[in-house]
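A structural walkthrough
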Amino acid sequence: QVQLVESGGGLVQAGGSLRLSCAASGRTFSRSAMGWFRQAPGKEREFVSAIRWSGSNTYYADSVKGRFTFSRDNAKNTVYLQMNSLKPEDTAVYYCAAKELDYGDYASPGEYDYWGQGTQVTVSS
């Protein structure tokens, strides 16, 4: 089992930056792919980014490519989402997720086995 706790959300002005963290516990973390998803009010949960267990490959939604960076520190059991040049449309609850099988569709929420409780990100215009 993997337990995930997100932190780092908050209120920021457009153009600003935030760094989300997701601390994981559980023996399989270092071999799990990780993902970030977000959900805005009235909308479905959408893929933001994913990283393979080794950190060698990262994937991004087109809407965040070039602005967000996903990284992981397996020694600290933590992943990070650096978010720059934030826009009001980035406002959402951001969820960290773990995927035990490090292959398949990294953008599909259904492929992930464990989820955090979410952290709110609000970008004002």
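Anyway, here's the lowdown on the structure attached to this text. (Residues numbered from 1 in each chain as written. Predicted model: local features only at pLDDT ≥ 70, side-chain atom pairs only at ≥ 80, totals over all residues. Heavy atoms only, no water.)

1. Considerations on the nonpolar core
The biggest cluster of nonpolar side chains holds 36 residues, and the ones touching the most others in it are Leu-4, Met-34, Trp-36, Leu-81, Met-83 and Tyr-94. Looking at this core, the elements with two or more residues in it are strand E3 (18-25), strand E4 (33-39), strand E5 (46-51), strand E7 (68-73), strand E8 (78-83), strand E9 (92-99) and strand E11 (119-124). Sort the elements by how many residues they give to this core and E9 lands first, with five residues. (Core = buried A, V, L, I, M, F, W, Y, C linked by side-chain atoms within 4.5 Å. Buried < 20%, exposed > 50% of the residue type's maximum accessible area, 1.4 Å probe, protein only. Helix = DSSP H or I, 4+ residues; strand = E, 2+ residues; numbered from the N terminus.)

2. Quick word on the packing of aromatic side chains
Here the distance between the centres and the angle between the planes together describe a pair of aromatic rings. Taken as a whole and judged by the stated rule, the model has seven aromatic pairs. Pairing Phe-37 with Phe-47 gives two aromatic rings, centres 5.7 Å apart and planes at 70°, and the pair type is edge-to-face. Residue Phe-37 is found in strand E4, and its partner Phe-47 is found in strand E5; the two are separated by ten residues along the sequence. This pair shows no difference in class: Phe-37 is buried, exactly as Phe-47 is. Both rings, one in Phe-37 and one in Trp-115, keep their centres 5.1 Å apart while their planes meet at 55°; by these two values the pair is tilted. On the criterion of sequence distance, the pair formed by Phe-37 in strand E4 and Trp-115 in strand E10 (residues 114-115) is long-range, its members being 78 residues apart. An aromatic cluster of three or more residues is present, and its members are Phe-37, Phe-47, Tyr-95, Tyr-112 and Trp-115. (Phe/Tyr/Trp six-rings, centres within 6.5 Å; stacked < 30°, edge-to-face > 60°.)

3. Some thoughts on the side chain of Arg-67
If you trace the backbone, Arg-67 turns up in the loop between strand E6 (58-60) and E7. Classification of Arg-67 as buried rests on a relative accessible area of 10%. Of the polar contacts made by the side chain of Arg-67, one reaches the side chain of Asp-90; its length is 2.8 Å. Leave out the neighbours within four places in its chain, and Arg-67 touches Gln-82, Met-83, Asn-84, Ser-85, Leu-86, Lys-87 and Asp-90. (Polar contact = N/O pair within 3.5 Å; in protein donor to acceptor, adjacent residues only side chain to side chain. Contact = heavy atoms within 4.5 Å.)

4. Observations regarding the environment of Ser-30
Inspection of the secondary structure puts Ser-30 in the loop between E3 and E4. Linking Ser-30 and Thr-78, residues 48 residues apart in sequence, is a C-alpha distance of 9.4 Å.

5. Points about the sheet that holds strand E1 (residues 3-7)
Strands sit in the order E1-E3-E8-E7 across an open sheet of four strands; the sheet is antiparallel. What marks the edges here is a single partner per strand, and that holds for E1 and E7. If you compare each strand with its neighbour and ignore which way they point, the axes differ by 15° on average. When E7 meets E8, the two strands line up antiparallel, connected through six bridges. For Asp-73, the partnering residue across the bridge sits in E8 and is Thr-78. (Pairing = 2+ DSSP bridges. Axes fitted to C-alpha atoms, helices over the stretch in contact; angles between N-to-C directions.)

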